[in-house]
Amino acid sequence: MSGEVALYRKWRPQRFAEVVGQELVVETLKRAVAQGKLSHAYLFAGQRGVGKTTVARILARAANCLSPEEGEPCNKCENCRRILSGRSLDMVEIDGASNRGIDQIRRLREEVNYVPAGARYKVYIIDEVHMLTNEAFNALLKTLEEPPPHVIFIFATTEPHKVPTTILSRCQIFEFRPIPEELIKGKLLEIAVAEGIPLEESAAALIARRASGSLRDAEVLLEQLAQGGPVTEERVVELLGLPPREELDRFLDALAGKRAAPALETVEGLWARGRDLGLFLEEAVRRARDRIIAGEGELVDVARRLIGWRTELPRSASPRIHLELEILAACGPLGPQGGAVSQGTSEGKTRGEKGGEAAEEMVEAPIPTGDPGDEGREVGSQEALPLE
Ligand SMILES: [Zn+2]
């Protein structure tokens, strides 16, 4: 594979048809181009790495293409080539995050009135538009209220709720959805074949899962892995620090059975290996979800709890202790054998203090949590006896 151009740049779609996972968006835009019904302002909303800027650039070419094919840019004509080369004055990209100031928008407002240099439309792509200052938004709004006929604005944002409604109301809004794992996986396999990268299907599935809907993140990961040799599932697990399924199941079963000791052991093991506890919790939630869907409804409470822990963890100064305390709070304190002391046991203990008969009764008493013979019960009976 070529080491000169980053994989995701090389594989960036150049036509609407090549865009992965945004069918509704690209079909609507293609039709608008083909029918000559373009808006003056678009807002592309969606998480990072789902194709917002890519689609904006394709739209800029399609709008200016001298021989468009059913709404697609030809990518061969003078206008297309000039935009592709980055030399066109008629497609201007502004990074909202680094151009928050009023000056850039003022300049834009002056430029906007000049007719395009060689193309039909002057296209302004403003990425991360929600980062603009209020002043800049107000200046922009004045242009949007009376847009010159030859201008198209394309705003992209990961946080549309931060864009003033006065701006939103003047835009045609497109929601870019996270790209489904299956589609990301398929694209990775396609790229691997074309680039001669040995890639296991299970490895592609794992990368797709970790990318959380971002094709770009998946492509960057693939490139990173490919530089070290064939991309196997084992190497992906290692690079990403993903926990093996057995470890996740052990952890989930411990929590479901309110057995603190094995859960704490897992945390200790992760910590010793320098693993990211947040990532582990995320994977545990995912695994719990799969098992719940497969019929293990009793894991719902565990999954809910894990989601809560995952949310709180980044705010904690000492994540390991935080997680350990949460486990103890959820399972009950440790008994002498490392099992949790369940509520049933402490009730038994109180009664046990009254006399020998009560103690016998306590041993027989059903314990509300856990199956007979699990650690909680064993610990309970052994712990209560010395009190006699
Ligand atoms: Zn063209």
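Only a predicted model underlies this, so the values are computations on that prediction, with no experimental measurement involved.

A. Quick look at the coordination of the zinc ion. Binding of the zinc ion to the protein goes through Cys-65 (SG), Cys-74 (SG), Cys-77 (SG) and Cys-80 (SG), at separations of 2.2 to 2.3 Å. Because the angles between the 4 donor atoms bound to the zinc ion fall within 99 to 120 degrees, the donor set is best described as tetrahedral. In the primary sequence, the donor residues of the zinc ion line up as C-x8-C-x2-C-x2-C. Like Cys-80, Cys-74 is buried.

B. Inspection of a negative patch on the surface at higher detail. A cluster of like negative charges, contributed by Glu-200, Glu-233, Glu-234 and Glu-238, occupies part of the molecular surface. As for its position among the elements, Glu-200 is in the loop between helix H8 (181–195) and helix H9 (201–210). Judged by relative accessible area, which is 36%, Glu-200 ranks as partly exposed.

C. Structural view of H9. All of the buried residues in H9 are Ala-203, Ala-204, Leu-206, Ile-207 and Ala-208. In the core, the buried residues of H9 are packed alongside H8, helix H10 (215–226) and helix H11 (233–240). Positioned one or two residues after H9, Ser-212 has a phi angle of 45 degrees, which is positive.

D. Fine view of helix H6 (residues 134–145). With 12 residues, H6 ought to run about 16 Å at 1.5 Å a step, and its terminal C-alpha atoms sit 16 Å apart, in line with that. Regarding H6, the residues found buried are Ala-136, Phe-137, Ala-139, Leu-140, Leu-141, Thr-143 and Leu-144. Residues of H6 that are buried make contact with strand E1 (41–45), helix H5 (102–111), strand E3 (122–127), strand E4 (151–157) and helix H7 (165–168).

E. Spotlight on the side chain of Glu-324. Residue position: Glu-324 is located in helix H16 (residues 319–331). With relative accessibility at 18%, the residue Glu-324 sits in the buried group. With sequence-adjacent residues up to four places away left out, Glu-324 is seen in contact with Leu-264 and Val-267.

F. How the structure looks around the sheet that holds E4. What the 5 strands build is an open sheet, ordered E2-E3-E4-E1-E5; its pairing is parallel. With one partner strand each, in any of the chains shown, strand E2 (91–95) and strand E5 (172–175) form the two edges of the open sheet. On average, each strand axis in the sheet is inclined to that of its neighbour by 15 degrees, with strand direction left out of account. Taken together, the 5 bridges between E2 and E3 define a ladder with parallel strand orientation. Each bridged residue has a counterpart across the sheet, and for Ile-94 the counterpart in E3 is Ile-126. Packing of helix H2 (residues 23–34) onto the sheet brings it into contact with E1 and E5, and relative to E5 it is tilted by some 145 degrees. Sheet strands touched by H5: E2, E3 and E4. Its angle to E3, the strand with the most contacts, is close to 165 degrees.

G. The arrangement of the pattern of salt bridges in detail. With the rule as written, the count across this model stands at 25 salt bridges. With a shortest N-O distance of 2.8 Å, Lys-162 and Glu-159 are connected by a salt bridge. Its relative accessible area of 45% is what places Lys-162 among the partly exposed residues. Given a relative accessible area of 25%, Glu-159 falls into the partly exposed group. It is possible to trace a salt-bridge network through shared partners that takes in Glu-181, Arg-209, Arg-210, Glu-282, Glu-283, Arg-286 and Arg-310.

About the cut-offs
- Residues numbered from 1 in each chain as written.
- Predicted model: local features only at pLDDT ≥ 70, side-chain atom pairs only at ≥ 80, totals over all residues.
- Heavy atoms only, no water.
- Donors = N, O, S within 2.8 Å, 3.2 Å for Na, K, Ca; no water.
- Tetrahedral: all angles 85-135°; square planar, octahedral: opposite > 155°, others 65-115°.
- Buried < 20%, exposed > 50% of the residue type's maximum accessible area, 1.4 Å probe, protein only.
- Patch = residues over 30% accessible without salt bridge, like charges linked within 9 Å, V, L, I, M, F, W, Y side chains within 5 Å.
- Areas by Shrake-Rupley, 256 points an atom, 1.4 Å probe, with all protein chains shown as cover.
- Salt bridge = Lys/Arg side-chain N within 4 Å of Asp/Glu carboxyl O.
- Lys, Arg positive; Asp, Glu negative; His and termini not counted.
- Charge placed at Lys NZ, Arg CZ, Asp CG, Glu CD.
- Helix = DSSP H or I, 4+ residues; strand = E, 2+ residues; numbered from the N terminus.
- Contact = heavy atoms within 4.5 Å.
- Expected span 1.5 Å × (residues − 1).
- Pairing = 2+ DSSP bridges.
- Axes fitted to C-alpha atoms, helices over the stretch in contact; angles between N-to-C directions.

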